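# Overview (structure and organization)
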Amino acid sequence: MSRFYLTTAIDYANGDPHLGHALEKIGADVIARYQRAAGLDVHFMIGMDEHGQKVAQTAAAQGSEPQAFTDRIAERFLATWEKLGISHDQFIRTTTPHHKAGVQALIRRIAERQPDDFYEQSYRGLYCVGCEAFKQPADIVDGRCVLHPTRTLEEVEERNWFFRLSKYAPFLRAHIEGNPQFVQPISRRNEILGLLDQGLEDISASRSRLSWAVPFPMPLSTGEVQGTYVWFDALPNYLTGTGFPDGDWESRWPAQLHIIGKDITRFHVVIWPAMLHAAGLPLPEQVWAHGFVQLGGERFSKSAGVKLDLHEAIDRFGADAFRYVLLREVPFDGDGNFSWERFEERYTSDLANALGNLASRAVAMVEKYRGGVVPVAAAPDDEAGDHDDVRAYHAAMNGSRGWLLHDGISAVARQVARANEFTQQSAPWQLAKDATQADALDVVLASLIRRLARCTMQLAPFMPNKCAQLWRTLGAPSSLAALQFDALSSLDVAGWRVTKGDPLFPRPVAPAEPS
RNA sequence: GGGGGUGUAGCUCAGGUGGUUAGAGCGCCGGUCUCAUAAACUGGAAGGCGUGGGUUCGAGCCCCACCGCCCCCA
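Residues numbered from 1 in each chain as written. Chains lettered and ligands numbered in written order. Predicted model: local features only at pLDDT ≥ 70, side-chain atom pairs only at ≥ 80, totals over all residues. Heavy atoms only, no water.

### Focus: the overall build of chain A
Helices and strands together make up the secondary structure of chain A, namely 17 helices and 17 strands. Its C-alpha atoms give chain A principal-axis dimensions of roughly 95 × 45 × 40 Å. Within chain A, buried positions represent 55% of all 515 residues. When contacts within chain A are restricted to residue pairs at least 6 apart in sequence, those whose partners lie at least 24 apart make up 77%. Surface exposure of chain A reaches about 22,000 Å², of which carbon and sulfur atoms provide 50%. Once the 52 positive and 63 negative side-chain charges of chain A are each reduced to a mean point, those two points are 2 Å apart. (Helix = DSSP H or I, 4+ residues; strand = E, 2+ residues; numbered from the N terminus. Buried < 20%, exposed > 50% of the residue type's maximum accessible area, 1.4 Å probe, protein only. Contact = heavy atoms within 4.5 Å. Areas by Shrake-Rupley, 256 points an atom, 1.4 Å probe, with all protein chains shown as cover. Lys, Arg positive; Asp, Glu negative; His and termini not counted. Charge placed at Lys NZ, Arg CZ, Asp CG, Glu CD.)

### As for the pattern of salt bridges
What the rule picks out here adds up to 31 salt bridges. With a shortest N-O distance of 3.6 Å, Arg36 and Asp89 are connected by a salt bridge. Pair noted here: Arg36 is in helix H1 (residues 19–37) and Asp89 is in the loop between helix H3 (66–84) and strand S4 (90–93), with a separation of 53 residues, a long-range link. The class for Arg36 is partly exposed, based on a relative accessible area of 25%. The salt bridge involving Arg164 is made with Asp116; its shortest N-O contact spans 3.4 Å. (Salt bridge = Lys/Arg side-chain N within 4 Å of Asp/Glu carboxyl O.)

### Quick notes on the packing of aromatic side chains
The final tally for this structure, using the stated rule, is 26 aromatic pairs. A ring pair is formed by Phe317 and Phe343, whose centres lie 5.2 Å apart and whose planes are at 90°; its orientation type is edge-to-face. Taken together, the residues Phe317 in helix H10 (residues 310–317) and Phe343 in helix H12 (residues 340–370) connect sequence positions 26 residues apart. Across this residue pair, the class does not change: Phe317 and Phe343 are buried. Chaining the aromatic ring pairs together yields one cluster made of Phe317, Phe322, Phe338, Trp340, Phe343, Tyr347 and Phe505. Between the NZ or CZ atom of Lys466 and the centre of the ring of Phe505, over which it lies, the distance is 5.3 Å. (Phe/Tyr/Trp six-rings, centres within 6.5 Å; stacked < 30°, edge-to-face > 60°. Lys NZ or Arg CZ within 6 Å of the ring centre and 35° of its normal.)

### Quick notes on the protein's contact with RNA strand B
Neighbouring RNA strand B are 38 residues, the closest being Gly356, Asn357, Arg361, Phe505 and Arg507. Expressed as a percentage, the sugar and phosphate content of the atoms of RNA strand B within 4 Å of the protein is 76%. Interatomic distance of 3.2 Å between a side-chain N/O atom of Arg342 and a base nitrogen of RNA strand B. One of the side-chain N or O atoms of Arg361 is found 2.6 Å from a base nitrogen in RNA strand B. If you list the elements that add at least two residues to the surface near RNA strand B, you get helix H6 (186–197), H12, helix H14 (405–426) and helix H15 (428–431). When residues in the surface near RNA strand B are grouped by element, the largest group, 14 residues, is from H12. Class assignment for the residues of the surface near RNA strand B results in 11 nonpolar, 12 polar and 15 charged. (Near = heavy atom within 4 Å. Polar contact = N/O pair within 3.5 Å; in protein donor to acceptor, adjacent residues only side chain to side chain. Nonpolar A, V, L, I, M, F, W, Y, C, P; charged D, E, K, R; others polar.)

### Regarding the side chain of His43
Its location among the elements puts His43 in strand S3 (residues 41–49). Judged by relative accessible area, which is 18%, His43 ranks as buried. In this structure, His43 is in contact with Phe4, Tyr5, Leu6, Asp89, Gln90 and Arg252, ignoring residues within four places of it in sequence.

This is the structure we're talking about:
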């Protein structure tokens with residue numbers, strides 16, 4: 001069985017999970033579930049990035065020790081992922097002893113194989129005591145830190161370990177050009193190639209004044225032991241998650257797919273591959289950068305009040321509906337928009353009216369006209385159109401053209417619409433009035449259940465719980481979770497015993513109030 | 001300031017290599033039907049294709065400039 005090691009970015013532990021985090025986890029979860037149903041041996045890892053001065057400061061501001069603080073944040077993320085039905089196999093945290101040892105092992109391995117890659121150098125910059133960090137020009141107005149305008153920025157010089165990233169520019173260019181699937185979508189690939197054109201600068205690998213960090217495994221020539229800087233701490237999580245450097249980590253590395261946000265593409269396709277290559281380790285097969293969700297056309301902003309309560313959104317119509325609508329509305333290869341209004345519209349038209357009502361009317365007719373048992377009958381010609389859409393679904397979902405999850409949903413939505421159309425045109429309620437049309441009625445009813453079963457299977461990665469419920473309603477003998485896609489083409493629904501229950505997706509009772 | 005994207009009906013988006021009256025879904029307006037969650041099916045209205053130039057017999061698709069928005073870097 002082919003293995004499929006899939007990761008998302010690890011989330012920075014200085015606040016609660018928000019819509020952006022959710023989009024990435026849901027998208028990756030859909031991919032993980034799809035690949036399992038496609039028969040792959042999936043290992044799906046998510047986690048937390050818990051080091052850094054910002055975390056230590058936020059903890060201190062709340063009167064907490066950093067570890068206790070990140071423990072709490074990690075709990076909150078985990079609770080959210082559970083509520084959303086994320087099916088991760090592993091949840092990694094960068095403050096665990098194994099990860100810290102793995103980071104140090106990776107750094108030592110690079111230093112052994114490429115002794116020239118780490119070197120000491122002085123770094124000068126404007127340091128803000130309030131932030132306990134060096135500030136970039138963008139964060140400085142009138143010579144003051146924008147966050148601490150009452151304080152004076154100090155020009156500070158410190159010695160750090162640097163990593164010779166510049167040396168790897170030719171390697172990276174060759175790798176990215178020679179492996180078109182490595183950085184996706186293509187727009188992101190072009191962006192990185194343009195960046196390589198401008199040349200790479202070496203990056204610092206350690207910092208002083210970085211107390212909440214993995215100790216850098218090599219002291220400076222002064223004897224000082226510094227903290228490992230963000231790249232060398234966070235990025236290796238994908239590797240340490242496999243058990244590196246212990247055990248049979250090589251059975252899982254390299255990862256098949258890193259799912260990340262477009263803002264951190266550079267770290268994942270420049271810095272991370274350079275580190276791995278320096279260590280003599282294979283590179284991940286693909287990095288996929290998704291876009292951003294905006295809220296009602298505006299970007300997130302706590303100060304401007306542009307935010308959305310994730311739990312409120314999940315509770316509105318349930319986790320499955322939220323997952324579906326979010327991925328339906330936000331293309332996974334670009335930016336998208338989310339609003340309460342849109343959420344409600346999509347839920348009502350796609351889920352309540354189209355799919356939910358289709359299931360409802362089909363099951364009701366099988367009960368009414370055939371005592372709840374799906375009759376034996378051949379498939380009508382009308383189903384032929386579905387085959388093209390099933391193909392389109394897989395083409396969108398299997399990664400061969402990128403991870404176009406929104407296109408996958410569209411392909412199923414077309415099948416649902418076709419089934420409603422078919423129902424209208426064949427008018428089973430008319431056939432039922434005429435005993436000589438019994439065979440024709442059998443064909444229609446069996447076809448409807450078969451179409452529903454197909455759609456259910458295809459939508460299962462998006463809405464695992466609702467689809468399992470629908471699967472039971474249809475009276476399928478096997479469990480949906482155990483079913484694989486290759487069983488779909490030969491699906492036999494004859495004899496299934498349907499049961500009409502409460503509406504799968506009840507129509508909204510009251511308009512959603514943006515609170 | 002540099003780089004990568006993006007701007008097409010009220011909303012979200014499709015529109016290989018430029019070529020007759022620019023498409024879809026949702027929403028909206030009208031019609032049909034009754035199995036169904038007042039759902040479904042069907043017909044229709046609706047677009048200066050960001051702005052201004054240019055290339056071409058002909059541009060939403062090519063070139064230049066400018067404007068708005070997203071991301072990265074400085």
